Amino acid sequence: MKIKIDKFVLSIIGIIIIAYFFPEWGAKESKIPIDTISAIGISLIFFFYGLKLSPTKLKAGLKNWKLHLLVQVSTFLIFPLIVLMFQPLIKNEEQETIWLAFFFLAALPSTVSSSVVMVSMAKGNIPAAIFNASISGIIGIIITPLWMGLFVQGQQAEFDFTEIYSKLIIQIVLPVILGLLLQRFLGDFAQKHNAKLTFFDKSIILLIIYKSFAESFNGDTFKTISIKDLSFLLLGVLALFMFMFMITNFISKKLSFSREDQITATFCGTKKSLVHGTVFSKIIFGNMAVLGIILLPLMLYHAVQLLLISTMASRMEQEYSNLQVNKEGDA
């Protein structure tokens, strides 16, 4: 089976290399207003997100509550609790930062576009995937900062829930609401130009990643991270993904889900949103010197989930096609 490497993953690697060789563009004294561009870009991302949300499809998806409950519990409860179990093993400040980065990954909502695409490819429950991926992003605006607030205060003295939620409301909630209100007028336009809007989203995310890594390279933050440490991070990410995939698959079978619902549960319940992660990191962690490290497990997880889920989806698509052929032959 031919495995395709996602172009966005390659773009992330490229932008990190640029940040390493040209960190001065992302420095605080730089004349390039990256923070301002990012702030405006974040608001536009979620405005377009609101334009593309379909209230009709969301209402239609409410009926399958067991599936929705499993996906959201997996995303916002099981994920964080698994990482939380490893907190007692922390022995120094470096390990605490790495653990916090994994916990941030675990507390994030599910990704929207790739979840729906992969579920569609594997012939899963597409309306349920759209519902869960969309509602996950909305729930994450509230739940993710609450989870992080329990642990970030020790790392960031100026952590303030009032300020955090004020930024979330201004940069995310209000643009989403505005998008929903204007959907009847601009919804078709957003769907028609979805590819261009997705390109815009990814461009802003790459800009935020560049800024985060440029600041970390400027502060020599990554001097403490060796190739060995990076390998352990990748193994940790792989282990976390595989465990979540197995547990969501196990529970969905125990609940006697259909094949379509099992696919949706495992695909949506194991994925994490790089878009929300990069946006939330700027709001929750501000300009912490370790922001690049905080994003590292998330970016590794993003690459892993795309590679493994796309491979699984392709295999399931082939199995479904073979099943249909066999049915037609029996008929």
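Residues numbered from 1 in each chain as written. Predicted model: local features only at pLDDT ≥ 70, side-chain atom pairs only at ≥ 80, totals over all residues. Heavy atoms only, no water.

## Things to note about the overall build of the protein chain
Step number 1: Helix and strand counts for the protein chain stand at 14 helices and 0 strands.
Step number 2: Of the regular secondary structure in the protein chain, the N- to C-terminal order runs α-α-α-α-α-α-α-α-α-α-α-α-α-α.
Step number 3: Counting across all 331 residues of the protein chain, residues that qualify as buried make up 49%.
Step number 4: Long-range pairs, those at least 24 residues apart, make up 85% of the contacts in the protein chain between residues at least 6 apart in sequence.
Step number 5: On the protein chain, roughly 16500 Å² of surface is accessible, and the fraction owed to carbon and sulfur atoms is 67%. (Helix = DSSP H or I, 4+ residues; strand = E, 2+ residues; numbered from the N terminus. Buried < 20%, exposed > 50% of the residue type's maximum accessible area, 1.4 Å probe, protein only. Contact = heavy atoms within 4.5 Å. Areas by Shrake-Rupley, 256 points an atom, 1.4 Å probe, with all protein chains shown as cover.)

## Remarks on the nonpolar core
Where a protein is soluble and globular, its nonpolar side chains tend to be buried together.
Step number 1: Membership of the largest hydrophobic core comes to 86 residues, with the highest contact counts inside it found for Phe104, Met148, Ile172, Leu240, Phe267, Phe280 and Phe285.
Step number 2: Considering every element that reaches this core, the biggest residue donor is helix α14 (residues 291-330), with 14 residues.
Step number 3: Beyond its immediate sequence surroundings of up to four residues, methionine 148 is in contact with Leu100, Phe103, Phe104, Ala107, Ile284 and Phe285.
Step number 4: One finds Phe47, Leu51, Ala190 and Leu197 within the second-largest nonpolar core, a separate group that totals 5 residues. (Core = buried A, V, L, I, M, F, W, Y, C linked by side-chain atoms within 4.5 Å.)

## Let's talk about the UniProt feature "transmembrane region" (unreviewed entry) in the protein chain
Step number 1: The positions UniProt marks with the feature "transmembrane region" (unreviewed entry) are residues 7-26, 32-51, 67-86, 98-122, 129-152, 164-182, 232-251 and 283-309.
Step number 2: As annotated, residues 129-152 comprises 100% helix and 0% strand, and the C-alpha atoms at either end are separated by 31 Å.
Step number 3: With 95% helix and 0% strand, residues 164-182 has its two end C-alpha atoms placed 26 Å apart. (UniProt positions renumbered as here; feature names shortened; annotations may be inferred.)

## Regarding the packing of aromatic side chains
Step number 1: This structure, assessed with the given rule, holds 13 aromatic pairs.
Step number 2: On the numbers, 5.7 Å between centres and 55 degrees between planes, the contact of phenylalanine 47 with phenylalanine 48 is tilted.
Step number 3: Of the residues examined, phenylalanine 47 reaches a relative accessible area of 14% and is grouped as buried.
Step number 4: With a relative accessible area of 16%, phenylalanine 48 lands in the buried category.
Step number 5: The ring of phenylalanine 76 has lysine 272 lying over it, and the distance from NZ or CZ to the ring centre is 6.0 Å.
Step number 6: The ring of phenylalanine 79 is capped by lysine 272, whose NZ or CZ atom sits 4.3 Å from the centre of that ring. (Phe/Tyr/Trp six-rings, centres within 6.5 Å; stacked < 30°, edge-to-face > 60°. Lys NZ or Arg CZ within 6 Å of the ring centre and 35° of its normal.)

## Some points on unusual backbone geometry
Step number 1: Its identity as a non-glycine residue notwithstanding, lysine 123 has a phi of 65 degrees, on the positive side.
Step number 2: Structurally, the position occupied by lysine 123 is in the loop between α6 (113-121) and α7 (126-152).
Step number 3: Under the relative-accessibility criterion, lysine 123 is labelled partly exposed at 33%.
Step number 4: For serine 256, which is not glycine, the phi dihedral falls at a positive 60 degrees.

## Some details on the pattern of salt bridges
Step number 1: In total, this model carries 2 salt bridges according to the counting rule given.
Step number 2: One salt bridge in this structure joins aspartate 35 and lysine 211, with 3.9 Å as the shortest N-O distance. Taken together, the residues span a long stretch of sequence, with aspartate 35 in helix α2 (residues 34-52) and lysine 211 in helix α10 (residues 194-218) at a distance of 176 residues.
Step number 3: Lysine 282 is the partner of aspartate 35 in a salt bridge, and the nearest nitrogen-oxygen pair spans 3.5 Å. With a gap of 247 residues between them, aspartate 35 in helix α2 and lysine 282 in helix α13 (residues 274-285) connect regions that are remote in the sequence.
Step number 4: In this structure aspartate 35 comes out as partly exposed when scored by relative accessible area, which is 36%.
Step number 5: Residue lysine 282 is classed as buried on the basis of its relative accessible area, which comes to 14%.
Step number 6: Within the structure, one salt-bridge network assembled from shared partners comprises Asp35, Lys211 and Lys282. (Salt bridge = Lys/Arg side-chain N within 4 Å of Asp/Glu carboxyl O.)

## Examining the packing of helix α11 (residues 227-254) against helix α12 (residues 259-268)
The description of two packed helices rests on the angle between their axes and on the distance between the axes.
Step number 1: α12 packs onto α11 with a crossing angle of 150 degrees between their chain directions and a minimal axis gap of 8 Å. One element, α11, and the other, α12, form an angle in the roughly antiparallel class. Like other packed secondary-structure pairs, α11 and α12 cross with a definite hand, here right-handed. Listed contacts from α12 to Phe245, Thr248, Asn249, Ser252 and Lys253 of α11 are Gln262, Ala265, Thr266 and Phe267.
Step number 2: When its residues are assigned to classes, the contact of α11 with α12 shows 3 nonpolar, 5 polar and 1 charged. (Axes fitted to C-alpha atoms, helices over the stretch in contact; angles between N-to-C directions. Parallel < 35°, antiparallel > 145°, perpendicular 65-115°, else oblique. Left-handed = near helix turned anticlockwise from the far one by under 90°. Nonpolar A, V, L, I, M, F, W, Y, C, P; charged D, E, K, R; others polar.)

## A short note on the packing of helix α4 (residues 65-84) against helix α5 (residues 93-107)
Step number 1: Running from N to C, α4 and α5 point in directions that differ by 165 degrees, and their axes come no closer than 8 Å. Comparing their axes, α5 and α4 come out roughly antiparallel. When you trace α4 past α5, the crossing you get is right-handed. Two secondary-structure elements touch here, α4 through Thr75, Phe76, Phe79, Pro80, Val83 and Leu84 and α5 through Trp99, Phe102, Phe103, Ala106 and Ala107.
Step number 2: When grouped by side-chain class, the residues that make up the contact of α4 with α5 number 10 nonpolar, 1 polar and no charged.

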